[in-house]
Amino acid sequence: MPHPSPLASFAAPLTRLLAAAVPRPFLDEHVFDFYASQLGPQLSLNRILARVEAIRPEARDVLSFVLRPNPNWRGFRAGQHVQLTVEIDGVRHTRVYSPSNAPAAGGTVTLTVKRHPGGRVSGFLHERVAVGDIVELSPAFGDFVLPDPVPAKLLMIAGGSGITPLMAMLRDLLARRIDTDIVFAHYAHTHRDLIFADELVRLGERHPNLHLHFGVTAVSALPGELSGRFSGEHLDRIAPDPAERRTLVCGPRGLLDMVNALWQDRGYPEPPCGEAFTPAVVTATDTPEIVLRFARSFTDVRGDTGVPLLVQAETAGLRPRSGCRMGICHSCTCRKQSGAVKNLLSGAITAEPDEDIRLCISVPVSDVTLDL
Amino acid sequence: MTPSLSRPLSREEVAAFGAELDELRNRILAALGEDDARYVRHVRDAVRWSELGGRALLFAGILPPAWVLGTLLLGLSKILENMELGHNVMHGQYDWMQDPEFHSQTYDWDNACSAAAWRHSHNYQHHTFTNILGRDRDLGYGFLRLFPEQPWHPVHLLQPPLSLLLALGFEWGVALHDLELERGLRGEKSLGQILKELPPVLRKARRQLLKDYAIFPLLAGPFFLPVLGGNFVANVIRNVWAFAIIFCGHFTEHVETFPESVLETETRGAWYVRQLKGSSNLNGGPLFHVLSGNLSYQIEHHLFPNVPANRYAEIAVEVKRIAGEYGQHYNTGSFARQLGGVMKRILRYALPNAAPARRAVSVIAEKLGLVHGVRSSSLAA
């Protein structure tokens, strides 16, 4: 396993000491980080900079990136996510991924990334990131975690790359030698798309409490496998006692909807705990019916695709900072958390999550969430 | 009014002129990428290393050559940081990188003026209302008279020495600028309001003063005084340079001003025309452009204040061509010539417009309340 350079391991406590010695108002994080980074590429006051330690294939178009973060990383709970930030052609892009490894695994974070057609970040990660590169992480966040205490019986249903948080939970449970009875169903389009298939099989052989089921939706299933999308019939086959199990689901929106509907139909007491893991594909909508969400104000309003967001925010009673109202002064710069907007000056449509936009020259072209 | 060197444009021509510039801007913005990010990081690197070098040399400042070199290096670092890094980053020129280190909303510069105050008085007020009398408070900074259209007051007689003071302490002038003290004096802004806006100004001032005149000198121990002196001179070097470059941007010979009424009907194209007529460029080599924060391309900067400054040189070629096609004067000249024009204005408009000295004296006398009965209309002559 590669180790950080001796200089870096010497410099890390040194920079910490320095940071503590400089009074806060005089400590410019970026100035500090500039000089610190000369001593080691991962040295930073606050930022979580992670080194790519290994890259391995997991399935068709799926790679796992084993990352070793610097000491600013405070760990994660299995099932949580992190924001991964990479710089592509001078622009930083951020995406959310769930680590797929067990949190105890030696301080590393493994992100398992499926390459999406036309996906800017997933494409970059697959083609241009190499061992030794530095990427940036956010602290871990999210409530989709194992219940505490761990229930006696679990049912986990994973669809496609939605397996990553469930895989982290599974690895966590098995690593902690918790004797929970686990039914684990994993669906993908074809056999080649089944992420972690080999490892799951190995785990199933070693752990009698793990009952494994693979399902394929786009090709014919092999004997013993589940065929087609998740259904009540599948459920009866893999878990005759679903009412007694705590159910965790992660996958595309359709899978979650299906599971929820089934649980409601059958009147199981405990609703499944789920997370939709749909790649962020936001495109302009044709319908004029859009929703503007002002996250910090907890305000939702009907949006207008023909009016700048600044005007719409003001109409909704908000008072965002503003200035020239013509796109030059950047006073109204605001973080757009999600959605697609059109720049009125250039006509360009951008749908990046977590992107700064100027409200006065941006019109929404889909549902938009703003940090206002 | 100053006679215009540009021919009047029809409404259609103004629209077409604006459309050409919009097209130019979009073309440049679409091409931004890794090279531009690398450029701003190189500038950042130069700022950081020159500051480290300058401060380190000043710590050995008991040796005269080290003191001189350290002071110059620190002055250079502050110039680079204020002009090519801070000013441009705070304009949002590199916001597209989505990097908090180079983001307009988070960057703060090594200057007595707080980033928030600067973004308001400069990015918004000055860049939106460029050269509009009564709206662009950079037009004379509230106390200088640089155009015949500005009303004369006897206090303007003092503006040559006051300008010199402003040059030496430019960062402090800029720091106080957003408080609009001159409006307070005229009774247009309440003392309460000014006091309310004061704390952030003081906070930034204290930070700057402590940094350069307490912390770094104290760190130098026995060499307290050489470090303090070097920091002071470095700040003055930056102040004088920034003053000279910035005054050359809007107060040179052929620059035009505009009445507030233009705002009533101004289209986007007309806004571009006003930026062109209200700004002036400086000729020079690549190093000069970098040290001026590319404000030597003041015209391009005012047409496209949030386009990365490292693109202004290539944009200037096109802007000059477009201006020529529309018969608009493209105001450029050597640093010496443009600075000469600025100085001429400072001296000339310290006096009232009326040319004959005797009449000037009588106007002054009247303004000072020494005599009565001189008709104020003679001012407009």
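(A) Molecular detail of the overall build of chain B. The secondary structure content of chain B amounts to 16 helices and 2 strands. For chain B, whose C-alpha radius of gyration is 22 Å, the value lies close to the compact-globule estimate of 21 Å for 381 residues. Each principal axis of the C-alpha atoms in chain B carries an extent, and together these give about 65 × 55 × 40 Å. Burial statistics for chain B: of 381 residues in total, 45% are counted as buried.

(B) Structural detail: the packing of helix α8 (residues 191-219) of chain B against helix α9 (residues 224-250) of chain B. All names here are of chain B. At a minimum axis distance of 8 Å, the contact between α8 and α9 shows a crossing angle of 145°. Judged by the twist between their axes, the crossing of α8 over α9 is right-handed. On α9, the residues touching D212, Y213, F216, P217 and L218 of α8 are F224, V227, L228, N231 and N235. Residue classes in the contact of α8 with α9 are distributed as 7 nonpolar, 2 polar and 1 charged.

(C) Representation of the interface of chain B and chain A in the model. At the junction of the two partners, chain B supplies 28 residues and chain A supplies 20 residues. Elements with a minimum of two residues in the side of chain B that touches chain A: α1 (11-31), α2 (34-59), α4 (115-128) and α8 of chain B. Ranked by residues supplied to the side of chain B that touches chain A, first place goes to α4 of chain B with 5 residues. Across the side of chain B that touches chain A, the residue classes break down as 8 nonpolar, 11 polar and 9 charged.

(D) Layout of the environment of K320 of chain B. Looking at the element boundaries, K320 of chain B is found in helix α14 (residues 312-325). Between the C-alpha atom of K320 of chain B and that of Y330 of chain B, which follows or precedes it by 10 residues, the distance is 6.4 Å.

(E) Spatial organisation of the domain arrangement of chain A. Each domain of chain A was delimited in the assignment, giving domain 1 (6-137), domain 2 (153-276) and domain 3 (290-370). Each of domain 1 of chain A and domain 3 of chain A has a C-alpha centre, and these two points are 30 Å apart.

(F) Structural detail: helix α5 (residues 159-168) of chain B. Residue and element names in this part refer to chain B. Q159, S163 and L166 are the residues of α5 that are buried. Along the long axis of α5, the arc covered by the buried residues comes to 60°, so they all point the same way. Of the exposed residues in α5, the ones pointing more than 90 degrees away from its buried face are P161 and L165. Elements in contact with the buried residues of α5: α6 (170-177), α9 and α15 (335-348).

(G) A look at the sheet that holds strand β5 (residues 109-114) of chain A. Residues and elements named next belong to chain A. Read across the open sheet, the 6 strands follow the order β4-β3-β6-β1-β2-β5; overall the sheet is antiparallel. Edge strands, defined here as strands with exactly one partner in the open sheet, are β4 (91-97) and β5. Taking the axes of each pair of neighbouring strands and ignoring which way they run, one obtains an average angle of 40° across the sheet.

(H) Representation of the nonpolar core within the structure. Membership of the largest hydrophobic core comes to 58 residues, with the highest contact counts inside it found for M156, I157, A158, L166, L170, I182 and V259 of chain A. The greatest single-element share of this core, amounting to 7 residues, is contributed by helix α4 (residues 163-175) of chain A. Residue contributions to this core reach at least three from each of two domains, namely domain 1 (6-137) and domain 2 (153-276) of chain A. Apart from the residues lying within four places of it in its own chain, the contact partners of L170 of chain A are M156, I182 and F184 of chain A. Counting 54 residues, the second largest nonpolar core, distinct from the first, contains W96, C113, F147 and A350 of chain B.

(I) Structural view of the sheet that holds strand β7 (residues 153-159) of chain A. Residues and elements named next belong to chain A. The strand order across the open sheet built from 6 strands is β10-β9-β8-β7-β11-β12, with neighbouring strands paired in parallel fashion. Of all the strands in the sheet, just β10 (226-227) and β12 (273-276) have a single pairing partner and so form its edges. Where strand β11 (residues 246-251) meets β12, 4 bridges bridge the pair, whose relative direction is parallel. Residue C250 lies in a different strand from β12, and its bridge partner there is E275. Where helix α5 (residues 197-206) meets the sheet, its contacts fall on β8 (181-188) and β9 (210-216), and the angle it forms with β9 comes to roughly 150°. Strands β7, β11 and β12 of the sheet are contacted by helix α7 (residues 253-266), whose axis makes an angle of about 155° with β11.

(J) Geometry of the confidence of the model for chain B. All names here are of chain B. Confidence along chain B averages 92 in pLDDT terms, with 93% of residues attaining 70 or more. Segment residues 373-381: pLDDT under 50, and 13 contacts once partners within four positions in sequence are set aside and those in other chains are kept. The ipTM assigned to the predicted complex is 0.87, against a pTM of 0.88.

(K) Molecular detail of α8 of chain B. All names here are of chain B. For α8, built from 29 residues, the straight-helix expectation of 42 Å at 1.5 Å per residue is met to within 8% by its first-to-last C-alpha distance of 39 Å. Approximately 40° is the largest bend angle found in α8, and it occurs at K211. Those residues of α8 that sit buried are V201, K204, D212 and P217. As for α8, its buried residues are in contact with α4, α6 and α9. Count one or two residues on from α8 and you reach G221, which has phi positive near 60°.

(L) Quick look at the confidence of the model for chain A. In the predicted model, chain A carries a mean pLDDT of 90, and 94% of its residues have values of at least 70. When pLDDT is averaged over each helix and strand of chain A, the minimum, 67, is found for helix α1 (residues 6-21) of chain A and the maximum, 98, for strand β2 (residues 62-69) of chain A.

(M) Highlighting the pairing of strand β14 (residues 299-303) of chain A. All names here are of chain A. As paired elements, strand β13 (residues 290-294) and β14 share 5 bridges and run antiparallel to each other. Its bridge partner lying in β14, V291 is registered against R302. If you look at the hairpin formed by β13 and β14, you'll find 4 residues sitting between the two strands, and F298 has a positive phi there, around 55°.

(N) Seen up close, unusual backbone geometry. A cis amide bond links D148 of chain A to the next residue, P149 of chain A, at an omega of 0°. Looking at the secondary structure, you find P149 of chain A in the loop between β6 (134-137) and β7. Phi is positive for N131 of chain B, which is not a glycine, with a value near 60°. The residue N131 of chain B is located in the loop between α4 and α5 in this model. According to the C-beta neighbour criterion, N131 of chain B is buried, with 23 such atoms within 10 Å.

(O) Seen up close, the pairing of β13 of chain A. Both β13 of chain A and strand β20 (residues 368-370) of chain A contribute to a ladder of 3 bridges, which runs parallel. Looking across to β20 of chain A, one finds that R293 of chain A is bridged to T369 of chain A.

Calculation notes
- Residues numbered from 1 in each chain as written.
- Chains lettered and ligands numbered in written order.
- Predicted model: local features only at pLDDT ≥ 70, side-chain atom pairs only at ≥ 80, totals over all residues.
- Helix = DSSP H or I, 4+ residues; strand = E, 2+ residues; numbered from the N terminus.
- Rg over C-alpha atoms; globule rule 2.2 N^0.38 Å.
- Buried ≥ 20, exposed ≤ 12 C-beta atoms within 10 Å, placed from the backbone.
- Axes fitted to C-alpha atoms, helices over the stretch in contact; angles between N-to-C directions.
- Left-handed = near helix turned anticlockwise from the far one by under 90°.
- Contact = placed C-beta atoms within 7 Å.
- Nonpolar A, V, L, I, M, F, W, Y, C, P; charged D, E, K, R; others polar.
- Domains from an automatic or database assignment.
- Arc of directions from axis to C-beta.
- Pairing = 2+ DSSP bridges.
- Core = buried A, V, L, I, M, F, W, Y, C linked by C-beta atoms within 7 Å.
- pLDDT = per-residue confidence, 0-100.
- Expected span 1.5 Å × (residues − 1).
- Bend = angle between axes of the 7 residues up to and from the residue.

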